[in-house]
Amino acid sequence: MRFHSYTALAFLSLLPASLSAAPGDSITPDAVKAHVTFLADDLLEGRDTGAKGHEIAARYVATQFAGMGLTPANKGDWYQRVPMVEIKPNADAQFSVNGTSFEHLKQVVVSGSAGTSGARVEGRVVFGGFCIDRPEYGLNDLKTLNVKGKIVACLSGFPKGMPSDIGAHLNAEKAKILSQRGAIGLISLRSLEREKQTPWSRVLEYADNRSVRWANADGSPFDTSPNLRASATLDRAAADALFAGTKRSFADILAEADTKGGKPKPFDTGKTAIIGRTTALTPFTSPNVIGMLPGSDPAFANEYVVVMGHLDHIGIKPGVTSGDAINNGAMDNATGIATMLEAARAMAANPNRPKRPVLFVAVTGEEKGLLGADYLSRFPVVPAGGRVVAVVNLDMPILTYDFTDVVAFGAEHSTLGPIVAAATAKDGVALSPDPMPEEGLFTRSDHYRFVQQGVPSIFLVTGHAGPGAKAFSDFLKTHYHRVSDDLALPFNWNAAAKFSRINMLIATEIANAPETPKWYADSFFGKVFAPEAAKAKR
Ligand SMILES: [Zn+2]
């Protein structure tokens, strides 16, 4: 039995029960279950960004916000309509090296560029190692390599032994940096590590999915690497062929990259590649849904705390002619939205409002590349003078077991760490360190777009203590982004209510803290994204 700390207080005090009930006590397992049941219904067809099912889900969230008395946060509107562009690859993919062709969806996966309607590039292939230029981590891959006008072949990931969240960040910005230096095409080479994490068969499964970007004012897709006009990912056989007869075999490069700190040196392969694919662009819009709980202290009125989860999922599985084709996204991320909604309801019903205003946000386009969060982080709906001071992101908490700890990815980078730990302790739940640093999860969900704008953020999930580790790995292996992520999963709705209560405690703690959260002075992310901001000592 869980001995609720508030219940303990109720026993000790002689106050009437109605006065001693804690706000979180109103969060019931049935309430969370009801939201998940609606959002994961087949009728919503997997809530794909831009699809009717997602629009219905957005109406649901907005009417829930309205019913609990939140304020429509976008100048009186519940919705922030995000302009988007769908990019559909045409069936004209081509990839060749020195005249030898490799087949798309067999040995290679070819992608067109995001920013234009695709292109065909032809150029000299230079090998760039991991393609990371960070002298402070001993990486100088692009220092002597001229990539201008070239196609650059890069190992995926980052050297073994590098802190995973930093490595994941550096990996994610490779394309942008190569583009800035004038590269025209990118070839991704899968490391042994990457092949272990995601087998080639899984890469092929996702290969020709439509992709989506948010749109600039002129309607063009927002693109951080406009010079890279085509890219390809190679399987082992194609990569072996690319390096055949050059100064190093691919097997040799892979072996070096697989050792701790191994950093294969860049060199010119002397070969020429052609990468080509055109795309068709279609504009549409999709909403972020935003409700505000006003703060109680005018001194903190401009400091907004964001609690956020993604409402979109991946929609209907293409090419299925019989049986279940609907990716319901019950765990990913109906659970995050449901637990956020109940936390919001409990906070809105509490006469003791937190000092700072709190924005509850159901973002769109997470599955397409954190798009709704990126848009909101660049175009925040807060009134002039206001700013977002902290973000708590809820994405795919595994709610199938009675968790005893939670993980807040990013907690070690800012004073959000101790704030979150103090909040979870109120419910007898421990805050554990990242149990799977190799996954680089801090950079892989919506809060990261706010990190990139300098805002201290965490990404909260249920922890790995007890049955947690197995529950997480089972879900990831068997149900993640599959049609079986649905209501047939063995949900523990008591745990779901507890997770919602934890959300409420964390949001309240941040909103009432004497100071806004600060990056620690030695945090990589604080240094890179908030160089001017005041920092905290550990
Ligand atoms: Zn997902």
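Being a predicted model, the structure only gives us computed values, none of them experimental.

1. Quick notes on the environment of A58
Next up, step 1: Counting through the fold element by element, A58 comes out in helix α4 (residues 52–67).
Next up, step 2: In the structure, A58 is positioned 20 residues away from W78 in sequence and 9.3 Å away in space, judged by C-alpha atoms.
Next up, step 3: Here A58 is in contact with Y79, P287, V289, L311 and A362, once residues within four sequence places are set aside.

2. A word on the nonpolar core
Next up, step 1: V305, V307, A408 and A507 are the most contacted members of the largest nonpolar core, which totals 104 residues.
Next up, step 2: With twelve residues, the top contributor of residues to this core is helix α11 (residues 330–349).
Next up, step 3: No fewer than three residues from each of domain 1 (23–86 + 284–315 + 333–473 + 490–529) and domain 2 (87–281) sit in this core.
Next up, step 4: Among residues more than four places away in sequence, those in contact with V307 are M340, A343, V358, F360, V392, N503 and A507.

3. Here we look at the packing of helix α3 (residues 29–39) against helix α16 (residues 493–512)
Two quantities define a packed helix pair, namely the angle between the axes and the distance from one axis to the other.
Next up, step 1: One can describe the packing of α3 onto α16 by two numbers: an axis separation of 8 Å at closest approach and a directional angle of 95°. As summarised for this structure, α3 and α16 are arranged roughly perpendicular, according to the angle between their axes. Contact residues: α3 offers P29, V32 and K33, while α16 offers W493, N494, A496, A497 and S500.
Next up, step 2: Class assignment of the residues belonging to the contact of α3 with α16 gives a composition of five nonpolar, two polar and one charged.

4. A look at the domain arrangement of the chain
Next up, step 1: When cut into domains, the chain gives domain 1 (23–86 + 284–315 + 333–473 + 490–529) and domain 2 (87–281).
Next up, step 2: For domain 1 and domain 2, the distance between their C-alpha centroids amounts to 33 Å.
Next up, step 3: With 17 residues of domain 1 at the interface, the matching set in domain 2 holds 17 residues.
Next up, step 4: Listing elements by their share of the side of domain 1 that touches domain 2, those giving two or more residues are β2 (79–89) and α12 (371–378).
Next up, step 5: Here the side of domain 1 that touches domain 2 takes five residues from β2, the largest share from any one element.
Next up, step 6: Across the side of domain 1 that touches domain 2, the residue classes tally to nine nonpolar, four polar and four charged.

5. Regarding unusual backbone geometry
Next up, step 1: A cis amide bond, omega 5°, links D332 with the succeeding residue N333.
Next up, step 2: Checked against the element boundaries, N333 lands in helix α11.
Next up, step 3: The residue L105 is not glycine, and still its phi comes out positive at about 70°.
Next up, step 4: Tracing the sequence through the fold places L105 in the loop between β4 (100–101) and β5 (108–112).
Next up, step 5: We classify L105 as exposed; it has 12 C-beta atoms within 10 Å.

What counts and how
Residues numbered from 1 in each chain as written. Predicted model: local features only at pLDDT ≥ 70, side-chain atom pairs only at ≥ 80, totals over all residues. Helix = DSSP H or I, 4+ residues; strand = E, 2+ residues; numbered from the N terminus. Contact = placed C-beta atoms within 7 Å. Core = buried A, V, L, I, M, F, W, Y, C linked by C-beta atoms within 7 Å. Buried ≥ 20, exposed ≤ 12 C-beta atoms within 10 Å, placed from the backbone. Domains from an automatic or database assignment. Axes fitted to C-alpha atoms, helices over the stretch in contact; angles between N-to-C directions. Parallel < 35°, antiparallel > 145°, perpendicular 65-115°, else oblique. Nonpolar A, V, L, I, M, F, W, Y, C, P; charged D, E, K, R; others polar.

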